[in-house]
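Chain by chain, the residues:
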Amino acid sequence: MKTFILSIICITSLLKYTQALGFVKRCSDKFVLNKKTFYFTGANNYYLHYLNTSITAEEVFSTCEKHGLNVMRTWAFMDKEYSYNDHGHYYTYYNNVTREIEVNEGVNGLQRIDEVISIAEKHGIRLILTLTNNWVDFGGLEQWVRDFGYDTHDAFFTVPEIKKSFKKYIKTLINRTNTITGKKYINDGTIFAWELGNELRAWGNGFQNQKPYDTTILTKWLDEMSTYIKYLDPNHMVSTGEEGFGLPKVESDNDIYFLDDGNDFRKNAALKNIDFATIHLYPNYWNFKDLVEDGIQYIVSHAEVAKKQLNKPIIMEEFGLFVKNRDKEFPALLESMMENDNNGIMVWMLADHTYPDFDSFTLYDEDLTKYFDKFTSLQNKKSGKKVICKKCKVLF
């Protein structure tokens, strides 16, 4: 009897660890799970895959589960040449002989992502996996540009051999079998979406800035890569990971609405194989004259384009405020996101208590209780409504 009971406990534990999460799909301007609406709150965290993953990821995902957050956005990129890569983990490196990017699938490579996915699944958390970085952190796209011998940021989007290597990396991930759960990534609903890059622009912070940029460069690349992913993986959604810059019809003198950065929010979100729009919001950094008033304008204008004009969902994918502004501005801006039917609202960023607040935006367990739980409850109440999708070309 004792042996039988122990066996049942072990099996129950294993089943919890490998519970299957269904695929979230898009139908018009809604996310759908099991033929019902899916709204969510979530968070970002960039270090789960390399910093004591079994401990930090467990705490962060436990915190998400405790507060009802059900989507986490995290990085699925790390280059060997990243200057602060003192932990020895990396996913890609440049091969001087073949002039290609090689992929590290070992214990200090993609097995780190395997572990993050498996822990997320255990806690019922879905993941937006971001495939590269516009910025130099963790290598990013500019490391690849340097590897191939180019000296302009936008070479990543235009040079055939760089694009070929990026597709190679994408294909490797999509076809990968998780060494812990045994599931292929393509068949794993724990992955909410593939994201083409973090805050992609036609310029970055490693090469000389030469504004203004042609918006067609990034739009064409997003179209090519999103189409490629959908060809390989029809199960998952795809997003751009943009901040929302480039919306010139908005009445504002703030340059975030200009096209100079090489972004055209409407055109990029409208692409056939981009499932939902993303925006980021940092009122403290963006020269807002009034943090609330200008922030609400940003929220409203982008929701108008995404949901009413394009009939697509929109996620406030990164949202951060300095501590001194949280008591007043946080609820005002979150209420606007709710009123404008943001399908997902994600804070930047959630950390475990061992991790310092490097950028003044970090939130911890107690901060979610103070600022976010109310809105998580409201988002969750929007979920679960039956959706009839006769006009949608999706399979549930």
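Residues numbered from 1 in each chain as written. Predicted model: local features only at pLDDT ≥ 70, side-chain atom pairs only at ≥ 80, totals over all residues. Heavy atoms only, no water.

What about the overall build of the chain?
Moving on, step 1. Summing up its helical and strand segments, the chain has 12 helices and 13 strands in all.
Moving on, step 2. Relative to a compact globule of 396 residues, whose C-alpha radius of gyration would be 21 Å, the chain shows 20 Å and is just as compact.
Moving on, step 3. Along the first, second and third principal axes, the C-alpha atoms of the chain reach 75 × 55 × 45 Å.
Moving on, step 4. The buried share of the chain, taken over its 396 residues, is 61%.
Moving on, step 5. If you take every contact in the chain between residues at least 6 apart in sequence, the share linking residues at least 24 apart comes to 76%.
Moving on, step 6. About 16800 Å² of surface is accessible on the chain, with carbon and sulfur atoms providing 53% of the total.
Moving on, step 7. Here the chain holds 47 positive side-chain charges and 53 negative ones, and the gap between their average locations is 10 Å. (Helix = DSSP H or I, 4+ residues; strand = E, 2+ residues; numbered from the N terminus. Rg over C-alpha atoms; globule rule 2.2 N^0.38 Å. Buried < 20%, exposed > 50% of the residue type's maximum accessible area, 1.4 Å probe, protein only. Contact = heavy atoms within 4.5 Å. Areas by Shrake-Rupley, 256 points an atom, 1.4 Å probe, with all protein chains shown as cover. Lys, Arg positive; Asp, Glu negative; His and termini not counted. Charge placed at Lys NZ, Arg CZ, Asp CG, Glu CD.)

A short note on the packing of aromatic side chains
Geometry of an aromatic ring pair is reported as the spacing of the ring centres plus the angle between the planes.
Moving on, step 1. Tallied over the full model, the rule gives 39 aromatic pairs.
Moving on, step 2. On the basis of an interplanar angle of 35 degrees and a centroid distance of 5.8 Å, the ring pair of F38 and F40 is categorised as tilted.
Moving on, step 3. Owing to a relative accessible area of 6%, F38 belongs among the buried residues under this scheme.
Moving on, step 4. Consider the rings of F38 and F192, whose centres lie 6.3 Å apart with planes at 35 degrees: the pair is tilted. In this pair, F38 sits in the loop between β3 (36-37) and β4 (40-44) while F192 sits in strand β9 (residues 191-195), placing the two residues 154 residues apart along the sequence. (Phe/Tyr/Trp six-rings, centres within 6.5 Å; stacked < 30°, edge-to-face > 60°.)

Thoughts on the pattern of salt bridges
Moving on, step 1. Across all of its chains, the model carries 25 salt bridges by this definition.
Moving on, step 2. In this structure, E195 engages R73 in a salt bridge whose closest nitrogen and oxygen atoms are separated by 2.7 Å. Residue E195 is found in strand β9, and its partner R73 is found in strand β5 (residues 71-75); the two are separated by 122 residues along the sequence.
Moving on, step 3. A salt bridge links R73 to E317; the nearest nitrogen and oxygen atoms lie 3.3 Å apart. (Salt bridge = Lys/Arg side-chain N within 4 Å of Asp/Glu carboxyl O.)

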